[in-house]
Amino acid sequence: MTLWESGRTGLGEDEDFIDILEERRHNSDLGHALRTFRPHPYPGAASCTTGDLKRDVLDSEYLRYITKEIAMETASPVEEVREAARGILDEMAQNLQMGFIRLMGFTLSKVFKRLFTSIFVNMDGLNKLQQAVQENPVILLPNHRSYIDFLAISYILFTYDIPVPVIASGTALTGMKMVGEILRRSGAFYIRRAIGSDKLYWAVLSEYVKVIIRRGFAPLEFFVEGFRSRALKSLTPKLGMMHMVLDPYFKGEVYDITLVPISISYDRVMEESLLAHELLGVPKPKESTMGLLKARRVLQEDYGSMHVNFGRPLSVRNLCDGKINRCQYNLTPRYLPQKPSAETQACVSWLAHLMVRIQEEGSHTSPWSLMACVLLQAPAAVLTEEGLPWHQLTERTLWLRKLALDFGARLNWPGQVPDLDVMSSTVALHHAAVHRKAGRVYLAQEEEPARKHPVSPEEGVTRTATAVLMLASYRNQALHLFVRPALLATAIRVTKSTLRDELFTFFCFLQDVFYSEFIFVPGTSSQDFEEACFLLKKCGALDVSQQEVRVSEGGVEVVSFLQTLLQPFIDSYQMMLRYLSEDEDRVFSEKQFLPDMRSLATKLILSGELHTYESLSSDIQKNFLWALKRLEALTKLRASEQNEYTADKAAVRRIGDTLSGKIPPQMLQTTPDAKL
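Remember, it's a predicted structure, so these values are computed and weren't measured experimentally. (Residues numbered from 1 in each chain as written. Predicted model: local features only at pLDDT ≥ 70, side-chain atom pairs only at ≥ 80, totals over all residues. Heavy atoms only, no water.)

**Q** How should the sheet that holds strand β12 (residues 440–443) be read in this particular structure?
**A** The strands making up a sheet are joined through hydrogen bonds of the backbone, oriented either antiparallel or parallel. Read from one edge to the other, the open sheet built from 3 strands follows the order β10-β12-β11, with strand pairing classed as antiparallel. Strands at the two margins of the open sheet, each flanked by one partner only, are β10 (388–389) and β11 (434–437). In terms of strand pairing, β10 meets β12 through 2 bridges, oriented antiparallel. The partner of P389 across the bridge, within β12, is R440. (Pairing = 2+ DSSP bridges. Helix = DSSP H or I, 4+ residues; strand = E, 2+ residues; numbered from the N terminus.)

What follows is the structure, encoded as structure tokens:
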């Protein structure tokens, strides 16, 4: 059932959320850490140590086969390859120990009470998870917005006597020496970011993951999006780990696997400024213990509340019923490596996208996300120079709150506090992004040390862009509520058509173009279009019949708002499409493309030809390249190790002309989910 069909009120009356920090503020943190821990593990799991897991991996028929194959290919002794595999496993493996879980429990109680006013958790979801871990191997799938994410999950499970998970983490954390080892002993296992075509590493990693699942050692946690979202919106899922965790079920090695999507929502994200700078090309600081100590000042800040919504446990057996024929795995021995069939790849992709979509539906939208949507409807010059009148911001935010509730949002809006007080405290909480002065709200720009030379125009653009991108990241947290109606509103504006079929065709085109920007479950274009029609009809913005879709007399305000919401993405894509269609024929790399686009966007903003500072975001630029590859307008050179491409200018121009309305929808393909 989709969000729009479920008819949720969005205020959480049907959910039992409690603040887990409330008890911690009144009771001993040491007592909490040292109390008797009574988890109920998966009964099918034989008792084993982390050493047993490693032996199972190294002695598996699969790894023996791969090491012999690599030894033959490289003319190396088998024992030498096995020793290399042992080294990879030692670098990778977790070393879960109860003493260190207790240490983390004590430390995090202190840290969380300093950072957050409250951490809300849905007890119904926790109770269902507690039951699920006793029935099948469990995979925890949280969204990834902050370094806090995985710490919070382990802390909550420890607090409620649920087995603490083993967690797929990046090897960058091992650079934090003592901290990295504490995390390893608290359940983290480390994966290299760039594995490439390292056959042995892939084999060790996949077998390690599968042994954990087959053994039922502990719940396994990983981020299906792959990376922390720098723009704070959902990322297109990465499928490598998803293939690994599902493989034991596909091959009949376990009866079922339970997937638990988890939605983590923050009033304010600790890394907000850092993320905005990364989007502008500033290198991410290397994780280190010294860097962590220097970051202690974050403990002086207030980050509001945090919501952790544990979704309903989902059976892989039920989800995959009718989508995949597992008999194909009976044709060869299980230990032989097999390339996933097209059917398997489609099933895994569908499941991964579905998990991210459920994460979105379970997230809580804060007042600040709605206020950011309203603020970004104003030109950047207004926000930096004139300021937006406070009464205008508050009135529009309350209007948007009603629209969000009509669309089924879960709102984190205090019901016992006057609305104006909620919005005033929200602006105060986000003092790093905006400030309020003389009845107006302005973008806050970072103070710079005294300098000999005045700020150049280009530097001024970058400073404004930092503030805009920080604001946009919070707007992005609410985009999943509006994106489908916004695509339909954009289709109405661009095509100037009222015919349902033509609007649907253009709607599908927009989904293809923005496939990497927003989450669309494969094969659901028709349902997405019907959802958009339903929501806009429900709020009175559209009159919908079997053949026609028309903007109602009172719907102009809603449709205009939704169109403006997507405009930064459309303007950014149009800029890059023009660049590629006009640029001389040449090979270019992603590494070259990103700074070239930042330079072009800066130039166009200074000349007044471009008005969106979001075009400077590397997130949008990378998503654009992915979209063009998917639409076969870009070709990656096979021999290239630098992600080098050539552009099909005719295809690029066609996409640009369609996006601007020069090519009518009748000329487009009408098959849902078809490439342009």
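**Q** Looking at this model, I keep getting lost on the sheet that holds strand β17 (residues 644–647). Mind explaining?
**A** Overall, antiparallel pairing links the 3 strands, which are arranged β15-β17-β16 in an open sheet. Each edge of the open sheet is held by one strand with a lone partner, namely β15 (588–589) and β16 (634–636). In terms of strand pairing, β15 meets β17 through 2 bridges, oriented antiparallel. Bridge pairing in β17 places S589 opposite E644.

**Q** Quick question: what am I supposed to make of the packing of aromatic side chains here?
**A** Scanning the model with the defined rule gives 22 aromatic pairs in all. Ring geometry for F588 versus Y645: centroids 6.0 Å apart, planes at 45°, classification tilted. Linking F588 in strand β15 with Y645 in strand β17, this pair joins segments that are 57 residues apart in sequence. Residue F588 is classed as buried on the basis of its relative accessible area, which comes to 5%. According to the relative accessible area criterion, Y645 is buried, its value standing at 1%. Three or more aromatic residues joined by ring pairs form one cluster here, namely F514, F518, F520, F569, Y573, Y579, F588, F593, F624 and Y645. If you follow R436 out to its NZ or CZ, it ends over the ring of W390, 3.8 Å from the centre. Positioned over the ring face of W626 is K629, at 3.5 Å from the centre of the ring. (Phe/Tyr/Trp six-rings, centres within 6.5 Å; stacked < 30°, edge-to-face > 60°. Buried < 20%, exposed > 50% of the residue type's maximum accessible area, 1.4 Å probe, protein only. Lys NZ or Arg CZ within 6 Å of the ring centre and 35° of its normal.)

**Q** Before we go on, may I ask you to explain helix α28 (residues 649–659) in this structure?
**A** Each α-helix winds once per 3.6 residues, and so residues spaced three or four apart point in a common direction. The complete set of buried residues in α28 reads K649, A651, V652, I655, G656, T658 and L659. Looking at the packing, one finds that the buried side of α28 touches α22 (479–495), α23 (500–513), α25 (556–582), α27 (618–630) and β17. Two to three positions downstream of the cap, the backbone nitrogen of A650 sits 3.2 Å from a side-chain oxygen, assigning the N-cap of α28 to D648. (Contact = heavy atoms within 4.5 Å. Polar contact = N/O pair within 3.5 Å; in protein donor to acceptor, adjacent residues only side chain to side chain.)

**Q** Would you explain the pairing of strand β7 (residues 258–266) in this entry?
**A** The element β7 is largely enclosed, with a buried count of 9 among its 9 residues. Judged from the 5 bridges that link them, strand β3 (residues 138–142) and β7 form a sheet pairing that is parallel. Along β7, the bridge assignment pairs P142 with I262. Pairing of β7 with strand β9 (residues 314–315), which is carried by 2 bridges, proceeds in the antiparallel orientation. Note on β9: the bridge partner recorded for T258 is S315.

**Q** Would you explain the pattern of salt bridges in this entry?
**A** Think of it this way: side chains of opposite charge can pair up when their charged atoms draw near. Under the defined criterion, the tally for this structure stands at 41 salt bridges. Among the ionic pairs, K128 bridges to D124, the shortest N-O distance being 3.2 Å. Within this pair, K128 and its partner D124 are both found in helix α8 (residues 123–132), separated by 4 residues, close to a single helical turn. The class for K128 is partly exposed, based on a relative accessible area of 36%. Overall, the relative accessible area of 38% leaves D124 in the partly exposed class. Note that E278 is salt-bridged to R230, the shortest N-O span being 2.4 Å. (Salt bridge = Lys/Arg side-chain N within 4 Å of Asp/Glu carboxyl O.)

**Q** Where do I start with the packing of helix α17 (residues 367–375) against helix α20 (residues 419–429) in this structure?
**A** Axes are the key here: two packed helices are described by the angle between their axes and the distance separating the axes. Contact geometry of α17 with α20 gives a least axis separation of 10 Å together with a crossing angle of 80°. As far as their axial angle goes, α20 and α17 are roughly perpendicular. Facing α17, whose interface residues are P367, W368 and M371, α20 presents V422, M423, T426 and V427. Within the contact of α17 with α20, the residues separate by chemical class into 6 nonpolar, 1 polar and no charged. (Axes fitted to C-alpha atoms, helices over the stretch in contact; angles between N-to-C directions. Parallel < 35°, antiparallel > 145°, perpendicular 65-115°, else oblique. Nonpolar A, V, L, I, M, F, W, Y, C, P; charged D, E, K, R; others polar.)

**Q** What's the story with the packing of helix α4 (residues 50–59) against helix α6 (residues 78–92) in this structure? I'm lost.
**A** Contact pair α4 / α6: the axes reach a minimum separation of 11 Å and the direction vectors enclose 145°. Seen from above, α4 lies across α6 with right-handed handedness. Each of K54, V57, L58 and D59 in α4 lies in contact with α6, whose residues at this interface are R82, A85, R86, L89 and D90. For the contact of α4 with α6, the class distribution of residues is 4 nonpolar, no polar and 5 charged. (Left-handed = near helix turned anticlockwise from the far one by under 90°.)

**Q** When you look at the state of the cysteines in this model, what are you seeing that I'm missing?
**A** Note on terminology: a disulfide is the covalent bond linking the sulfur atoms of two cysteines. On inspection of all chains with the given rule, the structure shows 0 disulfides. The thiol of C539 is unpaired, and the distance to the nearest cysteine sulfur, on C533, comes to 12 Å. (Disulfide = S-S within 2.5 Å.)

**Q** Got a minute to help me understand the environment of R25 in this structure?
**A** For R25, the position within the fold is in the loop between α2 (20–24) and α3 (29–34). Since its relative accessible area comes to 37%, R25 is described here as partly exposed. Sequence separation of R25 and N325 is 300 residues, and the distance between their C-alpha atoms is 52 Å. Setting aside residues no more than four positions away along its own chain, R25 makes contact with K113, F116, T117 and S118. At 3.4 Å, the side chain of R25 forms a polar contact with the backbone oxygen of K113.

**Q** Help me understand the confidence of the model for the protein in this model?
**A** Scored by pLDDT, the protein comes out at a mean of 90, with 93% of its residues at no less than 70. Low confidence marks residues 1–14, where pLDDT is under 50. Its contacts with residues over four positions away, or in another chain, come to 27 contacts. Low confidence marks residues 670–676, where pLDDT is under 50. Its contacts with residues over four positions away, or in another chain, come to 23 contacts. (pLDDT = per-residue confidence, 0-100.)

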